[in-house]
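# Observations on the model geometry
The lines below spell out each chain.
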Amino acid sequence: MKVEEIKETKEIYHYWDLSAMKWRIESEGLALLMEGFKEKKVLGRQCHKCGTVYVPGPTYCRKCHIDIYRIVEVKDEGTIGTFTVNLADIRGNPLEEISIVVCVKLDGSDSWLMGRLEGWTDWREIKAGMRVKVEWSDKPKGTLSDLLNFKLIK
Amino acid sequence: MRRNVAIISVGYNGRFVSKRPDISIVEMLEAAVRNALSKTKLKPHEIDAFVVGNMHTFEGVNMGHLWASEHIFALNKPVMRIATGGTTGMSVFHCAYYHVASGLYDVVCAIGWEKHDEGDAQIGLGGILLPEVFSLAHFGPDFSGRRGAGLGLMGGGGGSTGGASFQAASYLAKSGGGIEHIDMAAALMRANAAKNPYAHLQVPDCKPEDIAKTPIISWPLRYGHTCPTSCGACAVIIVAEEKVKKYAETEKVAWVKGVACGTSDVTVGNVHDGQITDPADQEMCKIVAMKAYKKAGIKNPRKEIQVAEVYDGFAHQVLLWPERLLLVDDGASPKLIEQGYYNIDGELPVNPSGGVTSTNAIGASALVRVAEAALQVMGIAEGGHQVPKKVKNALAHGWGGLFQFNTVTILGDTPVKK
Amino acid sequence: MKRRVAIVGYKLIKNTKASVWTRERIYYELSRALLEELEITRDKVDTFIFGSNDFADGRTISECYLIQRIGAHMKDESKVEQEALNACVYAWMRIQSGEYDTAMIGMVSLASSQFKPLLVQNHVLDPVYERPRGLINYYSAAAFQARAYMERFKNFTESHIARYAEKGYRNALKNQYSLQVIPPSLEKIENSEPIYLPIRELEVAPYADGGGVVLLASEEKAKKLTKKPVWIDGFASIEDTYWIGERDLVKLDGLREAGKRAYKMAGIKNPEKEISFAEIQTFFASEEPIIAEALGLFDEGSGAEVIEKGLSEINGKLPVNPSGGSFGGNPMGGTSLLGLINAVKQLRGEADDFQVKNPKRALVHAQDGVCAQQNTVMILSTGGEK
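Residues numbered from 1 in each chain as written. Chains lettered and ligands numbered in written order. Predicted model: local features only at pLDDT ≥ 70, side-chain atom pairs only at ≥ 80, totals over all residues. Heavy atoms only, no water.

### Overview of the overall build of chain A
Cut-off, in case you're wondering: In DSSP terms, a helix is any run of H or I states spanning at least four residues, a strand is any run of E spanning at least two, and both are numbered starting from the N terminus. Working definition: with a 1.4 Å probe on protein chains only, accessible area under 20% of the residue-type maximum means buried, over 50% means exposed, and in between means partly exposed. To measure how exposed things are, a 1.4 Å probe is used in the Shrake-Rupley method; for residues, cover is taken only from the protein chains shown.
Assigned secondary structure in chain A consists of one helix and ten strands. Taken from N to C terminus, the helices and strands of chain A fall in the order α-β-β-β-β-β-β-β-β-β-β. Counting all 154 residues of chain A, 47% fall into the buried class. Carbon and sulfur atoms make up 50% of the accessible area of chain A, which totals about 8300 Å².

### Some points on the pairing of strand β11 (residues 405-412) of chain B
Residues and elements named next belong to chain B. Formally: The pairing criterion for strands is at least two bridges between them, as found by DSSP.
With eight of eight residues buried, β11 lies mostly within the body of the structure. Alternating positions in β11 separate into two faces, Phe405, Thr407, Thr409 and Leu411 on one and Asn406, Val408, Ile410 and Gly412 on the other, with burial throughout. Bridge count between strand β8 (residues 254-263) and β11: eight bridges; the pairing is antiparallel. By the bridge assignment for β11, Thr263 is matched with Phe405. Both strand β10 (residues 393-400) and β11 contribute to a ladder of eight bridges, which runs antiparallel. Counterpart to Leu395 in the pairing with β11 is Ile410.

### Thoughts on the interface of chain C and chain B
For an interface, size is often stated in terms of accessible area lost upon the parts coming together. To keep things clear, this is the line we draw: In what follows, residue pairs with any heavy atoms lying within 4.5 Å of each other are defined as contacts. Here the quantity called buried area is the accessible surface, traced with a 1.4 Å probe, that two parts lose on coming together, added over both. The salt bridge criterion pairs a side-chain nitrogen of Lys or Arg with a carboxyl oxygen of Asp or Glu, the two atoms within 4 Å. Distance and chemistry together define a polar contact, namely a pair of N or O atoms within 3.5 Å, with one atom able to donate a hydrogen and the other to accept it when in protein, and with adjacent residues in sequence counting only for side-chain atoms on both sides.
With 59 residues of chain C at the contact, the number on the chain B side is 65 residues. In this assembly, chain C packs against chain B so that about 5000 Å² is buried in total across both faces, 56% of it on carbon and sulfur atoms. Looking at the side of chain C facing chain B, the largest losses of area belong to Thr60, Tyr65 and Glu239 of chain C, adding up to 14% of the total buried there. Remark: the boundary between chain C and chain B carries two salt bridges. Among the ionic pairs, Arg81 of chain B bridges to Glu81 of chain C, the shortest N-O distance being 2.9 Å. Across the contact surface, chain C and chain B share 24 residue pairs in polar contact (both at pLDDT 80 or more).

### Examining the packing of helix α5 (residues 164-175) of chain B against helix α11 (residues 317-324) of chain B
All names here are of chain B. Our working definition: For helices, the axis comes from a line fit to the C-alpha atoms of the stretch in contact; other axes are also lines fit to C-alpha atoms, and the angle between any two N-to-C directions lies between 0 and 180 degrees. Each crossing is labelled by how the near helix is turned from the far one, with a counterclockwise turn of less than a right angle marking it left-handed and a clockwise turn marking it right-handed. Residues are grouped as follows: Ala, Val, Leu, Ile, Met, Phe, Trp, Tyr, Cys and Pro are nonpolar; Asp, Glu, Lys and Arg are charged; all remaining types, including Gly, are polar.
Remark: α5 packs on α11, axes separated minimally by 10 Å, with the N-to-C direction vectors making an angle of 60°. The handedness of the crossing between α5 and α11 is left-handed. In contact with Gln167, Tyr171 and Lys174 of α5, α11 contributes Gln317, Leu319, Leu320, Glu323 and Arg324. Looking at the contact of α5 with α11 residue by residue, the classes come out as three nonpolar, two polar and three charged.

### Here's the deal with the packing of aromatic side chains
The criterion, for reference: Stacked, tilted and edge-to-face are the three classes applied to pairs of Phe, Tyr and Trp rings, where Trp contributes its six-membered ring and a pair requires centres within 6.5 Å; stacked means planes under 30 degrees apart, edge-to-face means over 60, and tilted covers the rest. Lysine and arginine charges are scored as sitting over a ring when NZ or CZ, respectively, is within 6 Å of the ring centre and within 35 degrees of the ring normal.
Applying the stated criterion to the full structure yields 22 aromatic pairs over all chains. Look at Tyr60 of chain A and Tyr28 of chain C: their rings are 5.0 Å apart centre to centre, the planes differ by 50°, and that puts the pair in the tilted class. With one member in each of two chains, Tyr60 of chain A in strand β3 (residues 60-61) and Tyr28 of chain C in helix α1 (residues 23-37) form a pair that bridges those chains. Under the relative-accessibility criterion, Tyr60 of chain A is labelled buried at 1%. Among the aromatic residues, those joined into a cluster by ring pairs are Tyr97 and Tyr98 of chain B together with Tyr90 and Tyr100 of chain C. If you follow Arg4 of chain C out to its NZ or CZ, it ends over the ring of Trp231 of chain C, 4.2 Å from the centre.

### Brief notes about the packing of helix α3 (residues 88-101) of chain B against helix α4 (residues 85-96) of chain C
Look at α3 of chain B against α4 of chain C: their axes get within 8 Å of each other, and the N-to-C directions meet at 65°. Here the hand of the crossing between α3 of chain B and α4 of chain C comes out left-handed. Taking contact as the criterion, the partners of Ser91, His94, Cys95, Tyr98 and His99 of chain B in α3 of chain B are, on α4 of chain C, Tyr90, Met93 and Arg94 of chain C. Residue composition of the contact of α3 of chain B with α4 of chain C, by class: four nonpolar, three polar and one charged.

### A word on the domain arrangement of chain C
Residues and elements named next belong to chain C. Our working definition: Where each domain begins and ends follows an automated or database-derived domain assignment.
Along its sequence, chain C is carved into domain 1 (5-116 + 207-225) and domain 2 (233-379). Its C-alpha centre places domain 1 at a distance of 22 Å from the equivalent point of domain 2. Counting each side, the surface lost to burial between domain 1 and domain 2 is near 2400 Å², with a carbon and sulfur contribution of 68%. Seen at the junction of domain 1 and domain 2, the total is zero salt bridges. Counting the contacts that link domain 1 with domain 2 gives 13 residue pairs in polar contact (both at pLDDT 80 or more).

### Observations concerning the pattern of salt bridges
Residues and elements named next belong to chain B. Applying the stated criterion across every chain yields a total of 50 salt bridges over all chains. The salt bridge partner of Asp22 is Arg20, with a shortest N-O separation of 2.9 Å. It is possible to trace a salt-bridge network through shared partners that takes in Arg3, Asp106, Glu242 and Lys243.

### Re the sheet that holds strand β9 (residues 277-279) of chain C
Residues and elements named next belong to chain C. Read across the sheet, nine strands follow the order β3-β2-β4-β7-β1-β8-β11-β10-β9 without closing on themselves; strand pairing throughout is mixed. Looking at strand neighbours, the two that pair on one side only are β3 (76-80) and β9, the edges of this open sheet. Pairwise comparison of adjacent strand axes, ignoring direction, gives a mean angle of 30° for this sheet. For β9 and strand β10 (residues 361-368), the ladder comprises three bridges, and the chain directions are parallel. From the neighbouring strand, Phe277 faces β10, where its bridge partner is Ala362.

### Section: the sheet that holds strand β2 (residues 53-54) of chain A
Residues and elements named next belong to chain A. Overall, antiparallel pairing links the three strands, which are arranged β2-β1-β5 in an open sheet. Both edges of this open sheet fall to β2 and β5 (70-74), since each of them pairs with a single strand only. Where strand β1 (residues 42-46) meets β5, five bridges bridge the pair, whose relative direction is antiparallel. Note on β5: the bridge partner recorded for Val42 is Val74. Sitting on the sheet, helix α1 (residues 28-38) touches β1 and β5, and the angle it makes with β1 is about 140°.

### Structural notes on the interface of chain C and chain A
Taken together, the contact pairs 32 residues of chain C with 21 residues of chain A. A buried area of about 2500 Å², summed over both sides, lies between chain C and chain A, and 56% of it is on carbon and sulfur atoms. Seen at the junction of chain C and chain A, the total is zero salt bridges. Counting the contacts that link chain C with chain A gives nine residue pairs in polar contact (both at pLDDT 80 or more).

### A closer look at the environment of Glu193 of chain C
Residue and element names in this part refer to chain C. One can find Glu193 in the loop between α9 (186-190) and β5 (194-196). Residue Glu193 is classed as exposed on the basis of its relative accessible area of 52%. With 170 residues separating them in the primary sequence, Glu193 and Arg23 have C-alpha atoms 33 Å apart. Once residues within four sequence positions are removed from consideration, Glu193 is found in contact with Arg200 and Glu201.

### So, the environment of Ala6 of chain B
All names here are of chain B. Topologically, Ala6 is positioned in strand β1 (residues 5-12). Residue class for Ala6 comes out buried when judged on its relative accessible area of 0%. A sequence separation of twelve residues divides Ala6 from Ser18, and the C-alpha atoms of the two residues are 32 Å apart. Once residues lying within four places of it in the same chain are set aside, the contact partners of Ala6 are Ile237, Ile238, Val239, Val244, Val253, Ala254, Trp255 and Val256.

### Topic: the nonpolar core
Under the convention used in this document: Residue types Ala, Val, Leu, Ile, Met, Phe, Trp, Tyr and Cys, when buried and joined through side-chain atoms within 4.5 Å, form a set referred to as a nonpolar core.
Formed by 167 residues in total, the largest nonpolar core has its most connected members in Phe150 of chain A, Ile7 and Leu325 of chain B together with Leu216, Leu340 and Leu380 of chain C. For this core, the leading source of residues is helix α14 (residues 362-378) of chain B, giving eleven residues. When residues of this core are assigned to domains, at least three fall in each of domain 1 (5-116 + 207-225) and domain 2 (233-379) of chain C.

And the structure:
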């Protein structure tokens, strides 16, 4: 039978309970970061061999492939490395509120942190290299929400 | 001693489209393999081994090659499955290459495919980062509020286009280009696709103004800069040097001169281990390109490569990859695309097939880059997207994972001397 | 074959019911431990190949964050999404091509991360016919196969299946890296809950969390890295038809062919005599005699005789799964790598309590798909032969 002769194909719907998952995480990097957030500090780990500062800081250095332990504090001020402006959803419908997400390299860190940018007026003026400062929550509890956003330093 | 390997034929199951409700996955594969076989002197039983790949979590069939054993003529033959995310297609090709280069087999068929309409691509794509996103829940981000959310955005930052918009913004800052250059790149891709009968989004004579009409999703990426989800399969048949005369239908074959791959830092959602790389840097791409050029015996890629098929999941990568593949200077692309340097009839045609921006069947896309580069070397690209100049060497590039995986293949019209 | 390729080192973790370590941690520790033992750093490893399954891992592109952990940062890496033994085959090809000298293979599979691991495996079934029909799953297909063997060879009974399971648990207890389940008595296995007769609950290999890494090297490098290289003499992989009804589930023609080709590549004429022991991959106790006979290790239909006379025991004529095989724990999609590691241990004389006497050549087997649709067979040796 040729493919062209098939006039009608059937659609088969089938629901399979694929399976729920349980993941395990250590996330020593985020745990340290949260500890620091309680004191309004940004903590990471530094590799004693190559000097790279990771924030969040895992307990191993991916370049040297060794365990690292040195805890360092980086400033809560930094530079915008890159950014994006959320204007519409994936279909193209404009969003109610325009938001800017930035990747920031805090002073002293080799890693980039992502967060929302505040303190701007015209998104077209935002450029890489601008300076920002962390805006902390008044009562930090050691959660990700303690870091409210990155505020543009005028 | 090196064993030379040639691509003798390339096959598609048909045009890449968004839905194929009329065929199943295995029928799609069969069509692609038959198409590839029909352009050779091979009988199906003469293929020694198969290498297959797709992202099977998107389709809901665990290891689809098991179901497809007769459909792809793989009964009683070795079948190996490779899956590496976006670069799956080229990793599949590299595996097939090593099957032959190792001396173990003489004729191998590489198949890459994706049938998005069978499953839910959003679940599959979300599955890449889902554990990281959920693990953040342990650390109390503000997922609900518009204000703040702070680090909680790490899991899904960058709106709907994910990390690509960060890469694009960083690239524009480094190169001095603007969103208009990405519009030009997208228009070029859609217009090229109209000259490729197998491409998905074909827009004849597409102009940058047409692209600029589409809304910006996450600056600087517009709706018109993103790739579609396509369904389709691609099969490539490779043969060892000694058997080329016996099995190739014509003298036109594409020799595999060098392959290389590498992985660097994950730059999206690296919430646990920290992100230490700018996604637009792509150091690894340069290293991988140099490795491939060395293996291919290419000393001056800018003069010796006539056409490049790069993996442009988003249109700005049409500008990014030629620079990172050392084909043009860093930061040169915006000016070059203005001058028409990357056009099909330009100095360095980039993605004459329309690229991934016009056709993205994830498991197949990187293999299609190799297939299209091979068609260019062989001089048989259909529909008007064959570049007018003589192609001595072509470059195919694949990229994927979470922005860290790069693969490069160099094809040529003559084999590397031993 | 231009270059000989050898396995120069391995590291594995003990199988557990639910690992307290994360996948990331396991890869990091295993890789570090192996590199330290061989006294090299990660820059001496030319390529890394993972053997893991996205479905089993529960996430797409599952090796994304594991690349940094295993030491492949800024290096060459790929992933084979089949039984992990195929990753070894791919690594062999890469080294054989002359472009690489060393390769590391990694497998970590945590079955406990799935609430229903069997359903993940059942996704191998096609969505158009078998799944909606709902008559076949991994267990019921194995039951068909066991029943077919019992019909063809009438002296093989349900109690023999239990005996193969008992041997598996008993051997696994001696293997300190297995789950070390306290072996249930033969009576307990025979009376355990029926799943699909003749398969009973305790005749199914238990799921586990496990992992291992292996380093391969070309001949010149192997001799520098270790005094006890284990050579890969031959291998073959064959895929049979997907449709259960079209295969002879007892003869397993695809596996037979794979065995023949592997023996040919390794220069083996008489496997019964030349193979010292075999690590074959079984999910069900009933598969062991069927697979072993298809590989030519024992006469056809000798399943009952072999287990009654103890021919496949550790001190028997041709030990099969001296490590306990999957009865020491089945990390989904990766059991064959543990089989490979256990075979390497044996050939190097490092298998402690489950050591086979004077082994020279080993057979390692991996299967994929329902009822061993696809099989990979590999022959290893100490190098004394050839």
